[in-house]
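Listed below, chain by chain, are the residues.
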Amino acid sequence: MNAEERQFEIARSLFREANDAFFLFDPRTQLVVDLNPAAQRLTGLEKHLACTMSLRDLFFSSGSGDLDRLALALNRTGFFHSREGYYLRRTTSAALPVNISVSRIHTEPKPVGLVVARDISDRKRALEALEQAEARYNSLVESTGVVVWELDGKGVVVFLSPAFETITGWPRADWIGRRFDALIHPDDLDAALRLHHQAMQGETLPRFELRILTRTGDPLVCEFLLVTKIVEDSQEWLLGISRDITEQKRIAKTLEQAELMRQARDAAEQASRAKSEFLSNVSHEIRTPLSALLGFNELLAEHPFLQQGPAEIQEYLGNIREHGQLLLALIDDLLDVARIEAGQLRVEREPCSLSQIVTDVVESLRAGAEAKHLKLEAELAGGTPQLIATDRLRLHQILVNLIDNAIKFTDRGGIRLTGRMMDRPGGEAALVLEIDDTGIGMTAEEMSGLFQPFYRVRPALRDGPRGTGLGLAICQRLARQLGGDVTVRSIPSVGSTFTLMVPVGVPEPDEVARSQPPGKHQEPPSSRETASPVPRLHARILLAEDHDANRQVITLRLNSIGAEVVPARNGKEALERVRDAAEQGRPFDAVIMDMEMPVLDGYEAVRQLRAGGFTSPIIAVTAYAMSKDRDECLRLGCDDHISKPIEWDRFFRKLIQLLTAQNGSSASNEG
Ligand code: ADP
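As a starting point, this report considers the structure included with it. Bear in mind the structure is a predicted one, so any value in this text is a computation, not a measurement. (Residues numbered from 1 in each chain as written. Predicted model: local features only at pLDDT ≥ 70, side-chain atom pairs only at ≥ 80, totals over all residues. Heavy atoms only, no water.)

### Side note on the side chain of Thr497
Next, step 1: Tracing the sequence through the fold places Thr497 in strand β19 (residues 495-503).
Next, step 2: A distance of 2.4 Å separates the side chain of Thr497 from the side chain of Asp436, its partner in a polar contact. (Helix = DSSP H or I, 4+ residues; strand = E, 2+ residues; numbered from the N terminus. Polar contact = N/O pair within 3.5 Å; in protein donor to acceptor, adjacent residues only side chain to side chain.)

### So, the nonpolar core
Next, step 1: Counting 42 residues, the largest nonpolar core has Ile398, Leu399, Leu402, Ile403, Val486 and Leu500 as the members making the most contacts within it.
Next, step 2: Other than its neighbours up to four places away in sequence, Leu500 contacts Leu395, Ile398, Leu399, Leu402, Leu431, Val432, Leu433, Ala479, Asp485 and Val486. (Core = buried A, V, L, I, M, F, W, Y, C linked by side-chain atoms within 4.5 Å. Buried < 20%, exposed > 50% of the residue type's maximum accessible area, 1.4 Å probe, protein only. Contact = heavy atoms within 4.5 Å.)

### Some points on the pattern of salt bridges
Next, step 1: Enumeration according to the criterion identifies 41 salt bridges in this entry.
Next, step 2: Glu223 serves as the salt-bridge partner of Arg243, at 2.7 Å between the closest nitrogen and oxygen. Pair noted here: Arg243 is in strand β12 (residues 235-244) and Glu223 is in strand β11 (residues 219-232), with a separation of 20 residues, a long-range link.
Next, step 3: The partner of Arg489 in a salt bridge is Glu434, and the shortest N-O contact between them spans 3.7 Å. Of this pair, Arg489 sits in strand β18 (residues 485-491) while Glu434 is found in strand β17 (residues 430-437), placing the two residues 55 residues apart along the sequence.
Next, step 4: Using a relative accessible area of 48% as the deciding quantity, one classes Arg489 as partly exposed.
Next, step 5: Through salt bridges with shared partners, a single network forms among Glu259, Arg262, Arg265, Asp266 and Glu269. (Salt bridge = Lys/Arg side-chain N within 4 Å of Asp/Glu carboxyl O.)

### Brief notes about helix α12 (residues 354-371)
Next, step 1: End to end, α12 covers 27 Å across 18 residues, agreeing with the expected 26 Å (1.5 Å per residue, within 8%).
Next, step 2: Bending of α12 peaks at approximately 40° at the position of Leu365.
Next, step 3: Within the sequence span of α12, burial applies to Leu354, Ile357, Val358, Asp360, Val361, Val362, Leu365 and Ala369.
Next, step 4: Looking at the residues trailing α12, positive phi occurs at His373, about 55°. (Expected span 1.5 Å × (residues − 1). Bend = angle between axes of the 7 residues up to and from the residue.)

### Comments concerning the packing of helix α18 (residues 548-560) against helix α22 (residues 648-663)
Next, step 1: Relative to each other, α18 and α22 sit at 65°, their axes nearing to 12 Å. Like other packed secondary-structure pairs, α18 and α22 cross with a definite hand, here right-handed. Where α18 abuts α22, its residues Val553, Ile554, Arg557 and Leu558 lie against Trp648, Phe651, Phe652 and Leu655.
Next, step 2: Classifying every residue of the contact of α18 with α22 by side-chain character gives 7 nonpolar, no polar and 1 charged. (Axes fitted to C-alpha atoms, helices over the stretch in contact; angles between N-to-C directions. Left-handed = near helix turned anticlockwise from the far one by under 90°. Nonpolar A, V, L, I, M, F, W, Y, C, P; charged D, E, K, R; others polar.)

### Points about the site of the ligand
Next, step 1: Contacts to the ligand come from 19 residues, most closely from Asn405, Lys408, Asp437, Gly469 and Leu472.
Next, step 2: Between Asn405 and the ligand, the recorded distance is 2.7 Å, taken from a side-chain N or O atom to an oxygen atom.
Next, step 3: A distance of 3.5 Å separates a nitrogen atom of the ligand from a polar atom in the side chain of Ser496.
Next, step 4: Breaking the shell around the ligand down by element, the ones donating at least two residues are α13 (392-408), α15 (471-481) and β19.
Next, step 5: For the shell around the ligand, the leading source of residues is α13, giving 3 residues. (Near = heavy atom within 4 Å.)

Keep in mind that these numbers describe shape and distance, not what the molecule does.
As structure tokens, this is what we get:
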């Protein structure tokens, strides 16, 4: 085989075996004259079919006119090599991206053209995947809000990622080619320049924060996550990643402030609780000896020896009683204020008789009014319900306070209490009680602080009525707690009107039955109760009380109405006495139990007594005048609860009532 034959053979096997598609064509008509097996495979065309087609039928390009350029180049130079963007049509599937080379082969008698097409779909797919990955990566970077930036060694901005625009409001083009200085908050510029210098020295910087300025001049806090020096082709620059953490900082700061506020509030609440606890303890400590003082005072006043003595003695004793009672009222007020301030004031909602409350209040204050020759009258308008749902004791307390004030600050004329119902749009019907007086009145200025604790209009008036300035503050807060309010109108030298408004839902009938079990209700003192003398009491009573003076007073008092009293100094002794008495066949008719005692307290003693089957009445005595104590006592099995100092009349009547209910015949009216 000569050289020519060898070349021919090589060309032939190249044509046959190549993986690339070969098309031979007539350069003049551009019709295909032959194609290799690879070309048949790729296009899916049989040779006879392919030979009816021109290059234009087989190839197309994505850019218009590219095929013309190909033909032109071929005619001019006899040779063309394509870049991307050419496709080979196929019969079986979508066009194939190809790279094509075209050349003219000088064969005799006429030249032929050769197109070699190389399948580049794999490469294209890889490229596309890369582009997609890059786009995804970019959008990811954008979505995290980080800005990728580059600065050259002199601090000139060379690159900014798109997020820069969203964050700062500046077009990126405004900063490319400019030094970064003006972007930095003036106070942070020194630090920024130092950091730039350090980074250019190749130092690794820890994360840091700088304030940068937006287009509108607002500072943004930026965190610099990464700053790294890059060296390439003897060029040096900085690549950095930063993000805007202004909002995060703001939230963190708000949270921090909220936490500080919470701590401060907790501390204040703690202090307030401590204060109210302290006050309640002090109140207890004062009430106990005060109770003894008032008790002995009364015993003295009634003592036959002193009753025959000089008149001043009764006056002095009366003074002691009056001031003792003022002290007691003061303690109660302080306790109320402390509870209100500590947010521990709770009010009940129970069915109660409005006219009963009004009568009780008016009658309890009538003596005071009469002593000053003042008229005191009350009138409830038609339409006011018999039963209302509110806190009976608190309503009573507010009215006593307001009417007592009216009496205190009125010297001529009188005091009038009127009540009526008022419809409130969208709310419960409300009761409006107005207390009118014809007293000294107040100016607008004097009224300004009226409902503040410890506020007194004329504190300098030494001979004026005494007071602590707590009453009205308590009244208003109580009224608000009940869902209402206390307000005032007044004209100096003419008189004042205090208006109490309280919503009073009308109670359900069965609620009434449930809430008033016979004999278990603490009644405010009522005039009807005090009208008749206390009957004699033939009963054997156990008195458990650790305070010697109080034990003595209560014993003397009970003796004075005929009762036999056996003392005990703590709960343990009380249990022993009850057992002994039962063994001796002389059980006690009733037990008076102080709840705060050493060794074994009253709460535990009552529990054990009831558990042991003791069924006679037990009356609890505490120095706390809180409804919580009362509830606890009743829950443990006491029949009633009274607070120190004891109001004797009420106490005796209660005791007699309980004993009568128990066996029907312990009390008699022979005394
Ligand atoms: P206080 O225990 O001092 O009476 P209050 O809070 O009840 O405390 O009253 C505060 C002040 O309001 C009183 O000191 C008095 O100056 C004034 N005030 C209250 N009620 C009347 C009234 N009906 N007429 C005139 N002044 C009154």
